[in-house]
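Notes for the structure review
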Amino acid sequence: MKQDINNPPAKSPVDDLFAHWLRQHRIAPDKAGWERLQAKMTKKQEPSVLTFWQNPAVYRYAAAACVSALLLAGGWLLLRPDDGVATRQNPVAASQTSQKAGQANSMRNGRSNLGNRIADQQLTQQQPVSQQPVVQQPATVSLPEQPEKMVAQTKRAANRPTYAIDPIGQDPDGQVTKNETVPTPISQTSVPTKPVAEQVLIVTIAEPDALIEARQAANWSESVEKTLVVDVAQKPTKGRRILQQVARVRNGDGIELAGDADQGLLSRAFQTIKNKANNKPLKQ
Amino acid sequence: MLRLLPFYTTETQLISGLKRGESRAQKVAYERFAGKMLAVCHRYCANRDDAEEVLIDGFMKVYEKISQFREDGSFEGWIRRIMVTESLMFLRRNKAWRQEIPLDEAVTEPDYVWADANLNETELLKLINRLPDGYRTVFNLYAIEGYSHAEISQTLGISEGTSKSQLSRARMLLQSSLKKLEVNQDETRYQQPTSQIAR
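Before going into details, it helps to say that this report is about the structure given with it. All of these numbers come straight from a predicted model, not from anything done at the bench.

This next bit is on the overall build of chain B. Across its full length, chain B holds 9 helices and 0 strands. Secondary structure elements in chain B, listed N-terminal to C-terminal, are α-α-α-α-α-α-α-α-α. Within chain B, the proportion of its 199 residues that are buried is 47%. Sequence-distant contacts in chain B: of pairs separated by 6 or more residues, those separated by 24 or more amount to 71%. Accessible surface, chain B: about 10600 Å² in total, of which carbon and sulfur atoms supply 49%.

Spelled out as structure tokens, the structure:
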């Protein structure tokens, strides 16, 4: 951008005067100049720096996703299979799971429950174990004579003096120290070297068929009585039903399905019977 | 926790910061060159507000085009060229800058030694700003920026002859203004003792 060196133009003294004074001249800019420049730059950059959460189209998708997630969660809560029904239908599985949970708890407790386990082991060795499929006994159901005896024996065995093996109380020789309260200690050879939790046998008592039939009959009669008592007019409203479901969940029971087939059929049957009974005298 | 702020002591550091798009480097560049560049813009734009506007646009262009700057030349010279181009664009957008003033009377040469001793930058800038836009632009490009007539004609889209004539007219106007200032100064110098006696 400079002038030709070979053909330098004639410089006027006016040019020299102004060039000399104004070439390096400075003027203090406005104090708000930088702010204005910044504001102008941000204004220019705004459309290009639009992040995805500032995009209004994303809001729609996010709202749709939230609504669908809520619907899915609600549907799952209302339509999920009832846990209580499952345990009623398959008590063996429930008993097995409860036994496993008990095992896990006993493992956690460690050697403090060792005495009880040994007692259980002795009991299982004494008592014959039936080979029938395992059925869990509800706490409220009265057991036949034989299981009652077994429970009593189990209680007695549990109350017996225990043999505590304290790892801290071992002698330097490696001999196990005895608890002074225990009258007859178990010999060292009788204590298994393996973890005791693995050797515990699970004792389950088979329920007699007669008892099962009797209970089923009692349950059926109870349900029939309930349906007789419930008035059709006093059918619970939606809100009340939801509250009942919440109360059931809080108590640990499963959610009762809205279209429970048994209940609906029974109530319908009862209603038809009732209607017939009410209509007959009128016709007569 | 202390936060270290870069000072950009060297021009290379500043240019690197600008190329990285650092806001602090941009501010430092503005603070360092805004004064000089505003003077450049004000030589082309007679109005101070217009000059400030052109300065802001010019700095925005500097930040945008910094990647195009090859570090073999002067950084200040590069910014100055951007400012000149911005000023010319502004004049072209806003005004018909090709104006001609008829000069009938012959102008006598002013005393340049007196002018150099008695006038400052502000007064000289005022004289330039009184020129018509076309004259002022050609005079600035030729006399101060050092452009040739060929470059001026290419930049402004005029012929070289027009550029030369506009330059000579600008010179004559400036000479006449300087002569007037000189005469006024002499008159005030001679009038001062009389006024003092009258008091």
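Now that the structure has been shown, the text picks up again.
Residue and element names in this part refer to chain B. The full count for this structure, using the stated rule, is 12 salt bridges over all chains. Ionic pairing is found between E76 and K36, a salt bridge with its closest N-O pair at 3.1 Å. Of this pair, E76 sits in helix 4 (residues 75-94) while K36 sits in helix 2 (residues 23-44), and the two are 40 residues apart along the sequence. Taking the relative accessible area as the measure of exposure, K36 reaches 12% and is therefore buried.

This part takes up the packing of aromatic side chains. Counted according to the given criterion, the structure contains 8 aromatic pairs over all chains. Between W34 of chain A and Y30 of chain B, the ring centres sit 5.7 Å apart and the planes meet at 45°, which makes this aromatic pair tilted. With W34 of chain A in helix 2 (residues 33-45) and Y30 of chain B in helix 2, the pair connects residues from two separate chains. Of the aromatic side chains, those joined through ring pairs into one cluster are W34 of chain A together with Y30, F59 and Y63 of chain B.

The rules behind each value
- Residues numbered from 1 in each chain as written.
- Chains lettered and ligands numbered in written order.
- Predicted model: local features only at pLDDT ≥ 70, side-chain atom pairs only at ≥ 80, totals over all residues.
- Heavy atoms only, no water.
- Helix = DSSP H or I, 4+ residues; strand = E, 2+ residues; numbered from the N terminus.
- Buried < 20%, exposed > 50% of the residue type's maximum accessible area, 1.4 Å probe, protein only.
- Contact = heavy atoms within 4.5 Å.
- Areas by Shrake-Rupley, 256 points an atom, 1.4 Å probe, with all protein chains shown as cover.
- Salt bridge = Lys/Arg side-chain N within 4 Å of Asp/Glu carboxyl O.
- Phe/Tyr/Trp six-rings, centres within 6.5 Å; stacked < 30°, edge-to-face > 60°.

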